[in-house]
Amino acid sequence: MAKEKTHYVCSDCGGSSPKWQGKCPSCNAWNTLIESVPESASPVKNRFASLAKTAEIAVLGDIDAVDMARTPTGHEELDRVLGGGMVEGGVVLIGGDPGIGKSTLLLQALDSLQRSGQNTLYVTGEESGAQVALRARRLGLDGSRVKVLAEIGLEKILATLASAQPDIAVIDSIQTVYSDQLTSAPGSVAQVRECAAHLTRAAKASGVCIVLVGHVTKEGALAGPRVLEHMVDTVLYFEGDTHSSFRLVRAIKNRFGAVNEIGVFAMTEKGLKGVSNPSAIFLSQHAEPVPGSCVMVTLEGTRPMLVEIQALVDSGGPSPRRLSVGLDKDRLAMLLAVLHRHAGVACMDQDVFVNAVGGVRISEPAADLAVLLAITSSLRGKPLPKGFFAFGEVGLAGEVRPAPRGQERLKEAAKLGFSVAVVPKANLPRNLKAKDFEGLTIHAVERVEQAMEVVRNL
């Protein structure tokens, strides 16, 4: 009997090769070729049907633009990331490390939606119905009326969506779903791409909102072909350390709202609970001010958050180290050079360690001024005054540049009881006597040396 012919498909780019090679000939990635059976040459009916009926050409200005109706999920933080709630016919892809809480959050959201009168369906390919019921009991969702289907066959899932006609359906996870039209294994590039395309088509045609759960690779990116992220409307990433009780949900792509919005959740015995004041997580509770600590206001999407920057400067010997956690280490080296050249503060023979408290990652340059003030405070052994914060970008010429949306940052700090600020001159509010800035003393600076002089005199 003739052996069935196989070929090798790259798990990164989807390129194929007739024989196994260490490096993919299409994208040059190493060890990504996986053996699979080639697809049948016979045509498959309606395999690539269009998403909508053929439409006439229309002028953009004449098309009626109406806001999408949104269905709140009952979780304020999740709604914030989604842009207000679930959208009819929208497809959401949510990825994250194993055990971080994807299934937990979605089960809680489905239960809230079902209690508000929505018809919900939870399709699980990784667990049995009994396991999902056990999780619901642990989360305190007794008597939940969410419909559960344990199935991995795409054709059966699509038939169930057509017959049950739910408003919101969760597919947990897309890597376990397979189609009979393809011979490759579930989770392969072809299967993930094809199943996601069919489910997206079903969502657009019927108006059901579909949430796909995606696995992640060891590098932290969503597993499967990159086209998976292009197909869907919204891509959410679940971030956080499994050793910490706090989780961040970040929007990477959103056709119905702002990107880079974040929602903060705390993992409790009863599941994930939204954190309405996330600044409290990232601020250490010191009884008295300590040297080397400076608070800054960072922006995550549209949300200002207060984060504590800590610095430790210690004698380093012949080869001093520069180490940063949560901040860019190359930027730290640049800031130390600016500090020496323009403010006359030398750290050449010192070890410098900088940390953003709470495991948060700060990618914006508005943290520069706070980092410099924390380093100077640690070097001199003198704490910054109580209720002090700073933000601003520092340039190589020693100038302090404005940070975007400075007034919102100042309002958030004033709301939380901070009283002294050092900010770029361009971020100085026009109306300093406004009610939002009551009790806040703002020192506007244009250069690094000016900022250092202001802090010395406080």
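The present account deals with the structure reproduced in this document. Within any chain, residue numbers begin from 1 and follow the written order of that chain's sequence. This being a predicted model, a pLDDT of at least 70 is required before a residue's local features are given, and a value of 80 or more before pairs of side-chain atoms are given or counted; all residues contribute to the totals for chains, interfaces and linings. Calculated side-chain values reflect all of the structure's heavy atoms, with hydrogen atoms and water omitted.

**Some points on the overall build of the protein chain**
- A run of DSSP states H or I qualifies as a helix once it reaches four residues; a run of E qualifies as a strand once it reaches two. Both are numbered from the N-terminal end. Per the secondary structure count, the protein chain includes ten helices and 23 strands.
- With the principal axes as the frame, the protein chain shows a C-alpha extent of 85 × 55 × 55 Å.
- Only protein chains enter the accessibility calculation, which uses a 1.4 Å probe; a residue whose area is less than 20% of its type maximum is buried, one above 50% is exposed, and one in between is partly exposed. Per-residue burial over the protein chain gives 47% buried out of 458 residues.
- In what follows, a contact means two residues having at least one pair of non-hydrogen atoms within 4.5 Å. In the protein chain, the proportion of contacts linking residues at least 24 apart, taken out of those at least 6 apart, comes to 65%.
- Under the convention used here, a 1.4 Å probe and the Shrake-Rupley method define accessible areas, while residue burial counts only the protein chains that appear. When the accessible surface of the protein chain is split by element, carbon and sulfur atoms take 52% of a total near 23,100 Å².

**Some details on the pattern of salt bridges**
- Put simply, a salt bridge is a Lys or Arg side-chain nitrogen that is within 4 Å of an Asp or Glu carboxyl oxygen. Under the definition given, this model contains 16 salt bridges.
- The salt bridge partner of Arg250 is Glu300, with a shortest N-O separation of 2.8 Å. Of the two residues, Arg250 is situated in strand S12 (residues 246–254) and Glu300 in strand S15 (residues 293–300); the sequence distance between them amounts to 50 residues.
- Given the relative accessible area of 13%, Arg250 is considered buried.

**Examining the sheet that holds S12**
- With respect to topology, nine strands assemble into an open sheet ordered S8-S7-S9-S10-S6-S11-S12-S13-S14, the strand pairing being mixed. A single partner strand is all that each edge strand has here, and the edge strands are strand S8 (147–150) and strand S14 (271–274). With direction set aside, neighbouring strand axes in the sheet form an average angle of 25°.
- In this analysis, axes come from line fits to C-alpha atoms, helices being fitted only over the stretch in contact, and the angle between any two N-to-C directions falls in the range 0 to 180 degrees. The sheet contacts of helix H4 (residues 154–164) involve strand S7 (120–124), S8, strand S9 (168–172) and strand S10 (209–214), and relative to S7 the element is tilted by about 170°. Strand pairing requires that DSSP identify at least two bridges connecting the strands.

**Remarks on the packing of H4 against helix H5 (residues 189–206)**
- Interaxial distance between H4 and H5 falls to 11 Å at its minimum, and their mutual angle equals 10°. Classified by the interaxial angle, the pair formed by H4 and H5 is roughly parallel. When H4 is examined against H5, the residues Leu154, Ile157, Leu158 and Leu161 are found in contact with a partner set consisting of Cys195, His198, Leu199 and Ala202.
- Of the residues that constitute the contact of H4 with H5, the class distribution is seven nonpolar, one polar and no charged. Oblique is the label for any angle not under 35 degrees, not over 145, and not in the 65 to 115 range, which are roughly parallel, roughly antiparallel and roughly perpendicular in turn. Residue polarity is assigned by list, with Asp, Glu, Lys and Arg as charged and Ala, Val, Leu, Ile, Met, Phe, Trp, Tyr, Cys and Pro as nonpolar; anything else, Gly included, falls into the polar class.

**Overview of unusual backbone geometry**
- In this chain, Asp172 is followed by Ser173 through a cis amide linkage whose omega measures 5°.
- Checked against the element boundaries, Ser173 lands in the loop between S9 and H5.
- With a phi close to 50°, Gln165 is a non-glycine residue in the positive phi region.
- Taking relative accessible area as the criterion, Gln165 reaches 58% and is therefore assigned exposed.

**A look at helix H10 (residues 448–457)**
- Along H10, the residues classified as buried are Val448, Ala451, Met452, Val454 and Val455. Mapping the buried residues of H10 onto a view down its axis gives an arc of 160°, with all of them on the same face. Arc, as used here, means the arc of the directions from the helix axis to the C-beta atoms.

**Let's talk about the side chain of Ser173**
- Overall, the relative accessible area of 0% leaves Ser173 in the buried class.
- Definition of a polar contact: a pair of N or O atoms within 3.5 Å, with one able to donate and the other able to accept a hydrogen when the atoms are protein atoms, and with sequence-neighbouring residues admitted only if both atoms are side-chain atoms. Here the side chain of Ser173 touches Glu126 through a polar contact of 2.8 Å, side chain to side chain.
- The contacts of Ser173, once residues within four sequence positions are left out, are Gly125, Glu126, Val213 and His215.

**Some details on the pairing of S9**
- Most of S9 is tucked away: five of the five residues are buried.
- Here S7 pairs with S9 via five bridges, running parallel. When the bridges of S9 are listed, Tyr122 appears paired with Val170.
- Bridge analysis of S9 against S10 gives five bridges, and the strand direction is parallel.

**Description of the nonpolar core**
- Of all hydrophobic cores here, the largest spans 67 residues; its most connected members are Ile375 and Phe389.
- The element that contributes the greatest number of residues to this core is helix H8 (residues 368–380), accounting for seven residues.
- The term nonpolar core refers to a set of buried residues drawn from Ala, Val, Leu, Ile, Met, Phe, Trp, Tyr and Cys, joined through side-chain atoms within 4.5 Å. Residues Ile94, Cys209, Val249 and Phe265 belong to the second largest nonpolar core, which totals 30 residues.

**As for the packing of H8 against H10**
- Running from N to C, H8 and H10 cross one another at 50°; their axes reach a closest spacing of 11 Å. Judged by the angle between their axes, H8 and H10 are oblique. As for the relative orientation of H8 and H10, their crossing is right-handed in sense. Taking contact as the criterion, the partners of Leu369, Leu372, Leu373, Thr376 and Arg380 in H8 are, on H10, Val448, Ala451, Met452, Val455 and Arg456.
- Class assignment of the residues belonging to the contact of H8 with H10 gives a composition of seven nonpolar, one polar and two charged. By the definition used in this description, the sense in which the near helix is turned from the far one sets the handedness, with an anticlockwise turn below a right angle giving left-handed and a clockwise turn giving right-handed.

**A short note on H4**
- Listed as buried for H4 are Leu154, Ile157 and Leu161. Buried residues of H4 fall within an arc of 65° about the axis and therefore sit on the same side. Of the exposed residues in H4, those oriented more than 90 degrees away from the buried face are Lys156, Ala162 and Ser163.
- Residues of H4 that are buried make contact with S7, S9, H5 and S10.
- Positive backbone phi, approximately 50°, marks Gln165, located one or two places after H4.

**Regarding the environment of Thr32**
- On the secondary structure map, Thr32 appears in the loop between strand S2 (16–17) and strand S3 (33–36).
- With a relative accessible area of 8%, Thr32 lands in the buried category.
- Beyond its immediate stretch of four places on either side in the chain, Thr32 contacts Val9, Cys10, Ser11, Asp12 and Cys24.

**Looking at the sheet that holds S2**
- Judged by pairing direction, the sheet is antiparallel, and its three strands sit side by side in the order S2-S1-S3 without closing on themselves. Both edges of this open sheet fall to S2 and S3, since each of them pairs with a single strand only.
- Here strand S1 (residues 7–10) pairs with S2 via two bridges, running antiparallel. Residue Tyr8 lies in a different strand from S2, and its bridge partner there is Ser17.

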